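Residues per chain are reported as follows:
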Amino acid sequence: MSGPPTNPWSFPDPARLVPRPPAMPRLPLRVIAAAALVLAALIVLAGSFYTVEPTEMAGVRRFGTILTPLPVQPGLHLKLPLIDEVDKIQTSLTALRMDNMTVYTVDNQSVGIGIGLTYRVPEDAVLQLLYKTGRTGSLDINSTMQPIIADRVMRVFSTQNTVNISSDRAEIAIAVRREVSQALRSIFGIEVTDLQISSISYSPTFEQSVEQAVQAKNDAIRAQNTVARFHFEGEQIKVQADAQAAVRIAQATGEAQANIDRARGERQASILRAEGDSQATLLNGQAQARVLQLIGSVTQANPSVLGFQAAMRWNGALPATSFGAGANPMTLFSLPAAPH
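Cut-offs applied
- Residues numbered from 1 in each chain as written.
- Predicted model: local features only at pLDDT ≥ 70, side-chain atom pairs only at ≥ 80, totals over all residues.
- Heavy atoms only, no water.
- Helix = DSSP H or I, 4+ residues; strand = E, 2+ residues; numbered from the N terminus.
- Buried < 20%, exposed > 50% of the residue type's maximum accessible area, 1.4 Å probe, protein only.
- Contact = heavy atoms within 4.5 Å.
- Areas by Shrake-Rupley, 256 points an atom, 1.4 Å probe, with all protein chains shown as cover.
- Patch = residues over 30% accessible without salt bridge, like charges linked within 9 Å, V, L, I, M, F, W, Y side chains within 5 Å.
- Salt bridge = Lys/Arg side-chain N within 4 Å of Asp/Glu carboxyl O.
- Pairing = 2+ DSSP bridges.
- Axes fitted to C-alpha atoms, helices over the stretch in contact; angles between N-to-C directions.
- Core = buried A, V, L, I, M, F, W, Y, C linked by side-chain atoms within 4.5 Å.
- Polar contact = N/O pair within 3.5 Å; in protein donor to acceptor, adjacent residues only side chain to side chain.
- Left-handed = near helix turned anticlockwise from the far one by under 90°.
- Nonpolar A, V, L, I, M, F, W, Y, C, P; charged D, E, K, R; others polar.
- pLDDT = per-residue confidence, 0-100.
- Expected span 1.5 Å × (residues − 1).

## Let's talk about the overall build of the protein chain
Logical step 1: Of the regular secondary structure elements, the protein chain holds seven helices and eight strands.
Logical step 2: A burial count over the protein chain gives 22% of its 340 residues as buried.
Logical step 3: A fraction of 69% describes how many contacts in the protein chain between residues 6 or more apart in sequence connect residues 24 or more apart.
Logical step 4: Accessible area for the protein chain stands at about 24,900 Å²; split by element, carbon and sulfur atoms hold 60% of it.

Spelled out as structure tokens, the structure:
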């Protein structure tokens, strides 16, 4: 028999044209069970041990009960899988920064402080921090310590005067470290190895007042310097005047002394000249008296000496006056007759 007539303008059914995927073979139940057992064994095996790093210590708890009386040391350790829980904490040096802390000083000024803290967890504080501080584990240790640190910092700064903070910064840092170390050790058992005040910022009002005070101080110093300069210049002028007066006095004194010395010299010279003249006159008179004495003696012994003296003094001129006709000028000399 022939089938129904086909329409040449009709299209075939698309569902009949797409090939059907082959059917997936079904795994036997035994294979599935074996795979599940292997997977469970791997999970149990992976959860049966844990590792503690060299920078850590740990504690183990089971159903909320702490199993380890002492902290678990670094290394590979066993535990019950899916039952025991391991809590780890870092025991190496840890850095904690607290910025933008606001504290108030004794003069009611607000100061912004930045703190840098370095600490370590001793072995005897491990279980206390894991199970007796904050939530179980070490997730919130820093957030638990920060209020204590802030309180101790504010206590120290509350005793300080704002204007002395910069100059006393080292002493303040020592006091803050002492207070924070004692608090963290007594409360949490944490050992603080270093604490630094990383930043100090003042309020705009205080900074403005400081600038005004510095400006006023600089103005006062400038005024003092001006006064000192005027005083120094006045002292220089006074010294120069004193020096010039001293020079003039010395010159006048020298001139007066020179005049005195000159007058004394002239006086002494006059005295010496007068004494010389007097002595010369005396000696001359004595010499003349001696000559006259000698002449008198000679004349007395030989009267003709007078005529000889007159002849020696005659200049050859005859006298203009004669005493009579028979006078002979030669008789004036009274020369003695020559011996035969």
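From this point, the narrative continues.
## Things to note about a nonpolar patch on the surface
Logical step 1: On the surface, L39, I43, F63, L80, L82 and I83 cluster together into a nonpolar patch covering about 650 Å² of accessible area.
Logical step 2: The class for L82 is exposed, based on a relative accessible area of 72%.

## Brief notes about the pairing of strand β2 (residues 56–62)
Logical step 1: Of all the seven residues making up β2, five are buried; the element is thus mostly covered by neighbouring parts of the structure.
Logical step 2: Where β2 and strand β5 (residues 84–90) come together, seven bridges link them in antiparallel fashion. Along β5, the bridge assignment pairs G59 with D87.
Logical step 3: Note that β2 and strand β3 (residues 65–66) share two bridges and pair antiparallel.

## As for the sheet that holds strand β6 (residues 94–104)
Logical step 1: Strand order in the open sheet formed by three strands is β6-β7-β8, and the pairing between neighbours is antiparallel. The open sheet terminates on both sides in strands that have one partner only, identified here as β6 and β8 (191–202). Taking each pair of neighbouring strands and ignoring which way they run, the sheet shows an average axis angle of 20 degrees.
Logical step 2: Where β6 and strand β7 (residues 110–120) come together, nine bridges link them in antiparallel fashion. Paired with M101 across the two strands is I113, which belongs to β7.

## Points about the nonpolar core
Logical step 1: Residues M145, I149, V153, F157 and L184 are the most contacted members of the largest nonpolar core, which totals 39 residues.
Logical step 2: Mapped by element, the contributors of at least two residues to this core are β6, β7, α3 (126–131), α4 (141–157), α5 (169–187) and β8.
Logical step 3: Among the elements that make up this core, the one with the highest residue count is α4 (seven residues).
Logical step 4: The residues contacting V153, other than those within four sequence positions of it, are M101, V103, I115, V176 and V180.
Logical step 5: Ranked by size, the runner-up nonpolar core spans five residues in total, among them Y50, V52, V60 and V72.

## Details of the environment of R62
Logical step 1: Tracing the chain through its elements places R62 in strand β2.
Logical step 2: By relative accessible area, which is 28% here, R62 ends up partly exposed.
Logical step 3: Between the C-alpha atoms of R62 and I83, which are 21 residues apart in sequence, the distance is 6.1 Å.
Logical step 4: A distance of 2.5 Å separates the side chain of R62 from the side chain of D84, its partner in a polar contact.

## Structural notes on the packing of α4 against α5
In a pair of packed helices, the angle between the axes and the distance between the axes together describe the arrangement.
Logical step 1: With their axes 9 Å apart at the nearest point, α4 and α5 run at an angle of 145 degrees to one another. Judged by the sense of rotation from one axis to the other, the crossing of α4 with α5 is right-handed. Residues M145, I148, I149, R152, V153, V156 and F157 of α4 pack against I172, A175, V176, E179, V180, A183, L184 and I187 of α5.
Logical step 2: Of the residues contributing to the contact of α4 with α5, the split by class is 13 nonpolar, no polar and two charged.

## Re the sheet that holds β3
Logical step 1: Read from one edge to the other, the open sheet built from three strands follows the order β3-β2-β5, with strand pairing classed as antiparallel. The sheet is open, and its two borders are formed by β3 and β5, each paired with just one other strand.

## Section: the confidence of the model for the protein chain
Logical step 1: Mean pLDDT over the protein chain stands at 80; residues scoring 70 or higher make up 80%.
Logical step 2: Mean pLDDT across the secondary structure elements of the protein chain bottoms out at helix α1 (residues 14–17), with 54, and peaks at α5, with 93.

## Brief notes about α4
Logical step 1: Here α4 contains 17 residues, and its C-alpha end-to-end distance of 25 Å stays within 8% of the 24 Å for a straight helix at 1.5 Å per residue.
Logical step 2: Listing the buried residues of α4 in full gives I141, M145, I149, A150, R152, V153, V156 and F157.

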